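Chain by chain, the residues:
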Amino acid sequence: MIISKGLSRVCVAGVLLVLSLAASAREQVTQASAEIRRTTYGVPHIRANDERGLGFGIGYAYAQDNLCLLANEVVTVNGQRARYFGPEQATLEERNNLASDVFFTWLNTPGAVQAFWRAQTPQIRQRIEGYVAGYNRYLKEQGAPTQCQAAWVRPLVKEDLVKLTRRLLVEGGVGQFAEALVGATPPQAIASVQPGARAFEQAAAHQQRFSLDRGSNAVAVGRDRSFNGRGMLLANPHFPWVGGMRFYEMHLTIPGQLDVMGAALPGLPVVNIGFNQHVAWTHTVDTSKHFTLYRLTLDPKDSTRYMLDGKSVALDKTTLTVQAKQADGSLKDVAHSVYSSQFGPVVQWPGKLDWDNKYAFSLRDANLGNDRVLQQWYAMNRAGSLKELQSSVHTLQGIPWVNTLAADDQGQSLYMNLSVVPNVSAAKLATCSDPRAGLHMIMLDGSRSVCAWDIDPKAAQAGIFPAAQLPQLLRTDYVQHSNDSAWMVNPKAPLTGFSPVISQDNIGLGPRARFALQRLQSLDKQPISVSDLQNMVMNNEVYLADQVLPDLLDFCAKQLGSDAAALQPLCTSLKTWDRRANLDSGIGLVHFINLMQHMQQTPDAWRVAFDPAHPLTTPRGLAIDRAPVAAALREAMLASSADVNQLGLSRWGEIQVSGQTPIHGGPQELGIYNAMQTVPRADGKREVVSGTSYLQIVTFDTNGPNAVGGLAFSESTNPASEHSKDQTQAFSEKKLRPLPFTDAQIKADPNYQLHTLKE
């Protein structure tokens, strides 16, 4: 129930009596209570006296804003999409429902889910149980919104949140191989569920987009460079705007124990990226490997057996059953077998990882053994200092597939690549890996047990590197990261000498990292301010424009030849373009995007190739004096001219949108810090699906944190909510807001509202 602020003393006494009786009943769970205080844009500030109460408030608030989203994700992680929506339909990620169901039925077995639950601390269990109770209370009181009033929307159980968490864990590993796991079938066998060629094409595209859709920028500034001698943090995660990885902004408080604000992923009762009284932190997707493949040498007599240390070993066979809705509405059981070696499940990718009579391939995902992830963020949320935050990550090693950057009120900045990484040394790679596979995906020899991951007793989990062997850097000037290796976090202190499974040296930086480092170096003679960090994102500079546009304009001036008339409008638009990705930026930006997409795939297109001795300034320029490069550029120009003429639009804000709202920013491949990933629409526009999501800039003074930020896609996914598009419009207008943190700031908010909840 919702209790108003004007609750009578008699009612209060009655409630207290009930609570007292409940507390004395040993078999009865203590009733939860919480306050949900909403401020501008509907951001919930949830306060409770204990963990269950806090979870209760989180679950209720999240259901108010995103009940349908969470209910849909619960169907997915329970392997029930084919049951409710049919086997031929697809998930939001374009994965076939039946294949998705088989994968999640394999991932979230009752045994695995219960083992994860048993590994949680009492505090985490109470938080989860409260979340479930809060969500269910809202569903019982208000029912499901119009768009999801269906049988698949049901009350939650605690196992649902465990399954959601386990899905998050494998996003950087076996979750990218769902089709390959489901499609793995012995030679000559016929599978009951067999993903087609189109499914694997989409899976390959999703693999390539993983770091783009979940990429991020981060800058942590120390006292030597900040405007006030204290730490500063820019958090700019580029996460999906839809689905199960969509951030939710919230503020969590247990008086005297916890006070943390930031963003969380669906179903997680902790803040993933945020700040508290003393520390601010964020994450960026890392380049470390979180799984390895194993090439199995099969027994010549039986392709379901493999050779290990000269002995024939049978693959384990597990038969899974999912239900599929038929045309007449009835349900049909579909059985499917998954095979596994001691290294993990067998995966089969046509043309890449084929299961024939000689070889098969297993995948081992380090995060399948990570039951510490929730406890990790729980500890970070409570960290009273940068040292305490760092110590928690060292001890727990629960971060799944991201780096951590942080700053504190003492003026320190910290980078940690302390995620869950398979313990495969450079020496082991030299003796156990297939060099033909390269380092993009590590392929180890599955015929020798010596090629299994090493076990270090100092690691929090068997088979991963201990924290002391992973990259980290504490500075008082700055650290930054934009999804490259750990190498150039700060050029004054290169991080080198690690196993290639962890981080690689002397490789080219992405253009976002080069932009950030160039910008930070340009501010070297002045203190870095909040506006400096904000402008890194909101100015929408296109870094590669300065690197190649002079050559493009030179080509326009000297090499158009017989195509001059056709290409002159394109050249004019490039010349007049402001070299930014703002809403009012001209069509030259569209041409530049089209040209660079083409030229980045052209061999030897750079005028100056990458030089490890000059990683911040190479590669650069276009080699327009080389005939093949000039021919490729001319072809790209003609194609772009045709596309833009057909488009019939003249401003970037008319093209890149979220619904009807124009969105600034652009492709990260161009070095646009405010990165946006889009998909084409039928009307010729491009819909944002991922990019700048939760944005926070945090500084500190003697009273604690001062933060500005916003949630680019807004709090609610319910179209009927007033908070489904309000922050999106603010983001479109480049409006960041102060994030109210203290009680006084929260209550002073002009849109302050209070709901008091009791179970």
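Residues numbered from 1 in each chain as written. Predicted model: local features only at pLDDT ≥ 70, side-chain atom pairs only at ≥ 80, totals over all residues. Heavy atoms only, no water.

(A) Expanded view of the overall build of the protein. Scanning the protein from N- to C-terminus turns up 20 helices and 31 strands. Relative to the 2.2 N^0.38 estimate, which gives 27 Å for 759 residues, the radius of gyration of the protein is 27 Å and therefore close to what a compact globule would have. Counting only C-alpha atoms, the protein reaches 90 × 70 × 55 Å along its principal axes. Taken across its 759 residues, the protein has 60% of its residues classed as buried. A separation threshold of at least 6 residues defines the contact pool for the protein, and within that pool the share at least 24 residues apart is 69%. For the protein, the distance from the average site of its 69 positive side-chain charges to the average site of its 68 negative ones is 3 Å. (Helix = DSSP H or I, 4+ residues; strand = E, 2+ residues; numbered from the N terminus. Rg over C-alpha atoms; globule rule 2.2 N^0.38 Å. Buried < 20%, exposed > 50% of the residue type's maximum accessible area, 1.4 Å probe, protein only. Contact = heavy atoms within 4.5 Å. Lys, Arg positive; Asp, Glu negative; His and termini not counted. Charge placed at Lys NZ, Arg CZ, Asp CG, Glu CD.)

(B) View of the pattern of salt bridges. Within the structure shown, the criterion is met by 26 salt bridges. Residues Arg37 and Asp743 are paired through a salt bridge, measuring 3.1 Å at the closest nitrogen-oxygen approach. In this pair, Arg37 is assigned in strand S2 (residues 33-39) and Asp743 in helix H20 (residues 743-748), connecting sequence segments 706 residues apart. Using a relative accessible area of 2% as the deciding quantity, one classes Arg37 as buried. Between Arg579 and Asp546 there is a salt bridge, with the nearest N and O atoms lying 2.8 Å from each other. Here Asp546 lies in helix H15 (residues 543-558) and Arg579 lies in the loop between helix H16 (564-576) and helix H17 (588-599), a separation of 33 residues in the sequence. Three or more residues are tied together by salt bridges with common partners; here these are Glu35, Arg37, Arg47 and Asp743. (Salt bridge = Lys/Arg side-chain N within 4 Å of Asp/Glu carboxyl O.)

(C) Quick look at the nonpolar core. Counting residues in hydrophobic clusters, the biggest one holds 230 residues, and the most contacted among them are Phe103 and Phe592. Examining the composition of this core, we find that 15 residues originate from one element, helix H2 (residues 51-77), more than from any other. (Core = buried A, V, L, I, M, F, W, Y, C linked by side-chain atoms within 4.5 Å.)

(D) Spatial organisation of the pairing of strand S5 (residues 232-240). By the criterion of burial, S5 is predominantly enclosed, with 9 of the 9 residues buried. As paired strands, strand S4 (residues 216-221) and S5 are joined by 6 bridges and run antiparallel to one another. Bridged to Ala220 within S5 is Leu233. In terms of strand pairing, S5 meets strand S27 (residues 686-692) through 3 bridges, oriented antiparallel. What sits directly across from Pro240, in S27, is Ser690. (Pairing = 2+ DSSP bridges.)

(E) Structural context of the packing of H15 against helix H18 (residues 627-647). At a minimum axis separation of 12 Å, H15 and H18 run at an interaxial angle of 85 degrees. By the criterion of interaxial angle, the relationship of H15 to H18 is roughly perpendicular. Where H15 abuts H18, its residues Leu552, Phe555 and Cys556 lie against Ala630, Leu633, Arg634 and Met637. Considering only residue class, the contact of H15 with H18 consists of 6 nonpolar, no polar and 1 charged. (Axes fitted to C-alpha atoms, helices over the stretch in contact; angles between N-to-C directions. Parallel < 35°, antiparallel > 145°, perpendicular 65-115°, else oblique. Nonpolar A, V, L, I, M, F, W, Y, C, P; charged D, E, K, R; others polar.)

(F) Inspection of the state of the cysteines at higher detail. Considering all chains together, one arrives at 3 disulfides under this definition. Residue Cys68 pairs covalently with Cys148 via a disulfide, S to S 2.0 Å. A torsion of -75 degrees about the S-S bond marks the disulfide between Cys68 and Cys148 as left-handed. Taken together, the residues Cys68 in helix H2 and Cys148 in the loop between helix H6 (122-142) and helix H7 (158-169) connect sequence positions 80 residues apart. (Disulfide = S-S within 2.5 Å.)

(G) Local environment of helix H10 (residues 373-382). Counting buried positions over the 10 residues of H10 gives 7, a clear majority of the element. Listed in full, the buried residues belonging to H10 are Val373, Leu374, Gln376, Trp377, Tyr378, Met380 and Asn381.

(H) Region of interest: the pairing of S2. Within S2, 5 of the 7 residues are buried, which leaves the element mostly enclosed by the surrounding structure. Here S2 pairs with strand S3 (residues 43-47) via 5 bridges, running antiparallel. Within S3, the position partnered with Ile36 by the bridge is Ile46. Linkage of S2 to S3, two consecutive antiparallel strands, is achieved through a turn of 3 residues, within which Tyr41 is found at a positive phi near 70 degrees.

(I) Looking closely at the packing of aromatic side chains. Following the criterion strictly, the structure yields 14 aromatic pairs and no others. Plain terms: the ring middles of Phe103 and Phe104 are 5.1 Å apart, the flat faces sit at 80 degrees to each other, and that makes the pair edge-to-face. The class of Phe103 is buried, set by a relative accessible area of 1%. Residue classification places Phe104 among the buried positions, given a relative accessible area of 5%. (Phe/Tyr/Trp six-rings, centres within 6.5 Å; stacked < 30°, edge-to-face > 60°.)

(J) Region of the structure containing the side chain of Asn367. Structurally, Asn367 can be placed in the loop between strand S16 (359-365) and H10. A distance of 3.0 Å separates a polar side-chain atom of Asn367 from the backbone oxygen of Pro400. With residues near it in sequence (within four places) discarded, Asn367 still touches Leu169, His290, Pro400, Trp401 and Val420. (Polar contact = N/O pair within 3.5 Å; in protein donor to acceptor, adjacent residues only side chain to side chain.)

(K) Highlighting the side chain of Arg37. Of note is the side chain of Arg37, whose polar atom sits 3.1 Å from the side chain of Asp743. When neighbours within four sequence positions are excluded, Arg37 is seen to be in contact with Val43, Pro44, His45, Arg47, Asp743, Ile746, Lys747, Tyr752, Gln753 and Leu754.

(L) Layout of the environment of Arg305. Relative to the helices and strands, Arg305 is located in strand S11 (residues 302-308). A sequence separation of 221 residues divides Arg305 from Tyr84, and the C-alpha atoms of the two residues are 37 Å apart. What Arg305 contacts, discounting residues up to four positions off in sequence, is Leu298, Asp299, Ser312, Val313, Ala314 and Leu315. Within the local environment of Arg305, its side chain forms a polar contact with the side chain of Ser312, the two groups lying 2.8 Å apart.

(M) How the structure looks around helix H14 (residues 530-538). Taken as a whole, H14 has its buried residues at Asp532, Leu533, Met536, Val537 and Met538. Packed against the buried residues of H14 are S4, S5, helix H13 (511-522), S27, strand S28 (694-701) and helix H19 (726-732). Positive phi appears at Asn540, one or two residues downstream of H14, with a value of about 55 degrees.

(N) Structural context of the environment of His45. Structurally, the position occupied by His45 is in strand S3. Separated by 206 residues in the primary sequence, His45 and His251 place their C-alpha atoms 4.4 Å from one another. Only 2.8 Å separates the side chain of His45 from the side chain of Thr39, close enough to count as a polar contact. A polar contact is formed between the side chain of His45 and the side chain of His251, at a distance of 2.8 Å.

From the geometry alone we can't say anything about function, so treat these as descriptive.
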